[in-house]
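# Per-entry structural report
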Amino acid sequence: MKFMKLGSKPDSFQTDGDNVRYVATELASDIVVNVGDVKFYLHKFPLLSKSLRLQKLVSNPDEDNDEVHIHDIPGGPIAFEICAKFCYGMVVTLNAYNVVAARCAAEYLEMYETVEKGNLIYKIEVFLNSSIFRSWKDSIIVLQTTKPLLPWSEELKIVSHCMESIATKASMDPSKVEWSYTYNRKKLPSENGNDSHWNGVRKQLMVPKDWWVEDLCELQLDLYNRVLSTITTNGNVSGVVVGEALSAYASRRLPGFNKGVIQNGDIAKNRLVLETIVGLLPKDMGSGSCSFSLKLLKLAIQLECEVSVRSELMRRTGQRLEEATVADLLISSSTGETTYDVETVQKLVEVFVAHEHQSLMEEELQEIKSPKMVLNSSSKIKVAKLVDSYLAEISRDPNLPVLNFVGIADLVSSFPRQSHDGLYRAIDMYLKEHPGISKSERKRICRLMDCKKLSAEACMHAVQNERLPLRVVVQVLFFEQMRASTTSSSGGTNTPDLPGSIRALHPGCSHGSSRSTTTNTEEEWDAVATAEDIKVLKGELAALKLSGGSSQSSDRNSNNNADKVAANKMKGFLMSKKIFSKLWSNKEKNGEITSSDTSESPASTVVEETKSTPSRSRRHSVS
């Protein structure tokens, strides 16, 4: 810290109780200066020789020449004592903590150069400009001391000079930073002493771009707002660094910010802090992480901030949703109807979808101008995976309505997914936690899933899942059989000769998705296969895989077994036909086949499941 000593005489100021100050000297005091509730017993000559204001007060005929009152002096008794000691020529030490008070008090007492050369105002100005404003940390300390001295510190331009000094240093090239600063958030390798050496000479320490962030967290909100605005206006600091600064300030000033819940404190004060931070966010969407924006959004909802604030955070977060994690999206509900605030997350997904649609249109226009451009869908893949995981988490809530579950899933239904395992897991967990949902709700949920995109492990679980409708189980078995048939064949994916009602489940007919068929009745979706049916289907499927695997193995050993491969393939087709025909015949015996089931039209032929729901052995959930 910089400091300056003034005067050379010993300090002979003494106290008598809390409210009396006097100078220990042989000369009796001839003037009493009342500053607040403190009396100073001093001498006129040294004071009047340097203070024009005291000269006016003593010469005022309406005032007692031996006693004056200056209750409104900035800095109070402490600042006046510094000025008085300077008048006596006593040693006074100025530093970043008291220099502003001394400067304002000197201005109040009119200690100008016109009164005496080398007066206090001149010396303080030299100290400020030559030392304080050139020091990073001293400028911050001085700026903090200006607030209780308003409006004097503002009128004397001390505040503006401090801000300009701080902003200029924060905007400098980090390689030119040569002063000390606080940086404890993440040490650089060189700062930890792990930096490499070159020819035995230690490399120069690298200064991070956000080196100034933590020091500014010491400023109060109004000063911080002005300083950061000045830094941003200078235009030499990136939005990413500004975002880091705001994140650090929020962590310091908002209790519980990192946990996403305000733990204590004044609600109005915390709301003001949060709204100020949002107002300082740069327009650059790359400023601040998505996690940071989500934390702000959670607190904005909790603190009931202005709608404009929440809308801005919703926009910033939604456009970068691919960066979020499931933990980020688990926003506690304020209504108590559900465990989590699902509606907010749905709005975030809607913002992302709208933003992606707009970006796609812009990219398509750019592609016309530049045909080499390739559209990137990686963000959609990430968000689809994120939504699947999020649905799996919130599905545990027994109060979660089907409309909320389906509403979020529908928003990303067109997004590319390598696998539907995550979506299947979410659906299975929802069905497990909500056994009392209606037939139409069960149908609506299951149609979200594409059975063709389930992995072998998910298929194995699905065919044993007692919570799934029969149609879904049959589809899973069918596509697993088709996968095995395709694997055992060296070419083509021809559909085996199956009954028309089963053939409707093939990708070429129903597009392989539960949601692609619209002619099913609710009873069909609520039907459940018997344990015997599932056992037969699984056994025949296993036999088909075994025969296909044998064919592949023999094909690799010899090129002369083509007849065997074809025979095994045909055998598999016949088994498949036998499997589904058996299931179909069981339904025909019960009189469950409707007139539409006998049609061979792909659009209208579906498997009619039994209306009864016999109990099956308990099976495990994928959750």
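Residues numbered from 1 in each chain as written. Predicted model: local features only at pLDDT ≥ 70, side-chain atom pairs only at ≥ 80, totals over all residues. Heavy atoms only, no water.

## Examining the overall build of the chain
Short version of the rule: Only DSSP runs of H or I with at least four residues qualify as helices, and only runs of E with at least two residues qualify as strands; both kinds are numbered from the N terminus onward. When accessible area is computed with a 1.4 Å probe and restricted to protein chains, residues below 20% of their type maximum are described as buried, those above 50% as exposed, and intermediate ones as partly exposed. Residues are treated as being in contact if the distance between any of their heavy atoms lies within 4.5 Å. What sets the accessible areas is the Shrake-Rupley method with a 1.4 Å probe; for residues, cover comes only from the shown protein chains.
The secondary structure content of the chain amounts to 27 helices and nine strands. The buried share of the chain, reckoned over its 623 residues, is 48%. Counted over contacts in the chain with a minimum sequence separation of 6, partners at least 24 positions apart contribute 72%. When the accessible surface of the chain is totalled, it reaches about 30600 Å², and 51% of it is carbon and sulfur.

## Describing the side chain of K298
What counts, and what does not: In this count, Lys and Arg are taken as positive residues and Asp and Glu as negative ones, while His and the chain termini are left out. Any Lys or Arg side-chain nitrogen found within 4 Å of a carboxyl oxygen on Asp or Glu counts as a salt bridge.
Here K298 is to be found in helix α13 (residues 290-302). Within the buried core, K298 has no salt-bridge partner, and the shortest N-O distance to an opposite charge, that of D328, equals 5.3 Å. Setting aside anything within four residues of it in sequence, one finds K298 in contact with G260, A327, D328, L330 and I331.

## Re the sheet that holds strand β2 (residues 13-15)
Selection rule: Whether two strands pair comes down to DSSP finding at least two bridges between them. A fitted line through C-alpha atoms represents every axis, and for helices the fit uses only the stretch in contact; the resulting angles, taken between N-to-C directions, go from 0 to 180 degrees.
Here we have five strands laid out as an open sheet, ordered β2-β3-β5-β4-β6, and mixed in their pairing. At either margin of the open sheet sits one strand with a lone partner, and together these are β2 and β6 (67-69). The average undirected angle you get between the axes of adjacent strands in this sheet is 20°. Bridging between strand β3 (residues 20-23) and strand β5 (residues 38-42) involves three bridges; their strand directions are parallel. Note that in β5 the partner of V20 across the bridge is K39.

## Comments concerning helix α14 (residues 307-318)
What counts here: One less than the residue count of a helix, multiplied by 1.5 Å, gives the span that helix is expected to have.
The end-to-end C-alpha distance of α14, which contains 12 residues, comes to 16 Å, matching closely the 16 Å that a straight helix rising 1.5 Å per residue would cover. Among all positions in α14, only V309, L313, M314, R316, T317 and G318 are buried.

## Some details on the pairing of β5
Residue alternation in β5 divides its side chains into a buried set, V38, F40 and L42, and an unburied set, K39 and Y41. Pairing of strand β4 (residues 31-35) with β5 involves five bridges; the strand directions are antiparallel. Across the sheet, the residue bridging to N34 is K39, located in β5.

## Observations concerning unusual backbone geometry
Residue L150 is joined to P151 through a cis peptide bond whose omega torsion reads 5°. Turning to its location among the elements, P151 is positioned in the loop between α6 (136-145) and α7 (152-155). The residue E110 is not glycine, and still its phi comes out positive at about 55°. In this structure, E110 sits in the loop between α4 (99-108) and α5 (120-130). Here K157, not a glycine, exhibits a phi torsion of approximately 65°, which is positive. Residue placement: K157 occurs in the loop between α7 and α8 (158-170). Residue K157 is classed as partly exposed on the basis of its relative accessible area, which comes to 48%.

## Here's the deal with the nonpolar core
Rules: To form a nonpolar core, buried Ala, Val, Leu, Ile, Met, Phe, Trp, Tyr and Cys residues must be joined to one another through side-chain atoms within 4.5 Å.
Counting residues in hydrophobic clusters, the biggest one holds 157 residues, and the most contacted among them are V33, L42, F80, W212, L216, L274 and F405. Beyond its immediate sequence surroundings of up to four residues, W212 is in contact with W136, A170, L228, I231, V237, V241 and A245.

## A look at the layout of surface pockets
As a reminder, the rule being used: Site definitions follow a grid-based scheme: protein atoms alone, a 1 Å grid, a 1.4 Å probe that fits but cannot get out for cavities, and for pockets an open set with protein on both sides within 12 Å along at least five of seven lines, plus lining residues having an atom within 4 Å of a point. Grid points are joined across faces, edges and corners, and a volume is the space filled by probe spheres set on the points. Polar here means any residue other than Ala, Val, Leu, Ile, Met, Phe, Trp, Tyr, Cys and Pro, which are nonpolar, and Asp, Glu, Lys and Arg, which are charged; Gly is therefore polar.
Its boundaries defined by the atoms lining it, the largest pocket holds a volume of some 400 Å³. In terms of lining residues, the largest pocket is bounded by 20 residues, among which T335, D341, V342, E343 and T344 are the most central. Listing elements by their share of the lining of the largest pocket, those giving two or more residues are α13, α14 and α16 (342-369). Split by residue class, the lining of the largest pocket holds seven nonpolar, eight polar and five charged.

## A short note on the pattern of salt bridges
For the structure shown, the criterion picks out 18 salt bridges. Its salt-bridge partner being D388, residue R417 comes within 2.9 Å of it at the nearest N-O pair. Taken together, the residues span a long stretch of sequence, with R417 in the loop between α18 (402-411) and α19 (421-433) and D388 in helix α17 (residues 378-394) at a distance of 29 residues. Both residues of the pair, R417 and D388, belong to the buried class. Salt bridges linked by common partners bring D11, R21, E81 and K85 together as one network.

## A short note on the packing of helix α11 (residues 239-253) against helix α12 (residues 267-280)
Axes are the key here: two packed helices are described by the angle between their axes and the distance separating the axes. We apply this condition: Between 65 and 115 degrees an angle is taken as roughly perpendicular, under 35 as roughly parallel, over 145 as roughly antiparallel, and anywhere else as oblique.
The N-to-C vectors of α11 and α12 enclose an angle of 175°; their axes lie 10 Å apart at closest approach. In this view, α11 runs roughly antiparallel relative to α12, as classed from their interaxial angle. Within the contact between the two elements, α11 uses V242, L246, Y249, A250 and R253 and α12 uses N270, V273, I277 and L280.

## Things to note about the packing of aromatic side chains
Selection rule: In summary, the pairing rule links any two rings of Phe, Tyr or Trp, Trp by its six-membered ring, whose centres are within 6.5 Å, and it sorts them by plane angle into stacked for under 30 degrees, edge-to-face for over 60 and tilted for everything else. By the criterion adopted, a ring carries a charge over it if an Arg CZ or a Lys NZ lies within 6 Å of its centre and within 35 degrees of its normal.
Counting across every chain of the model gives 11 aromatic pairs. Arranged with centres 6.0 Å apart and planes meeting at 65°, the rings of Y108 and W152 form a pair that is edge-to-face. Placement of the pair is Y108 in helix α4 and W152 in helix α7, with a sequence separation of 44 residues. Given the relative accessible area of 26%, W152 is considered partly exposed. An aromatic cluster of three or more residues is present, and its members are W136, W179, Y181 and W211. Directly above the aromatic system of Y108 lies the positively charged group of R53, at a separation of 3.9 Å from the ring centroid.

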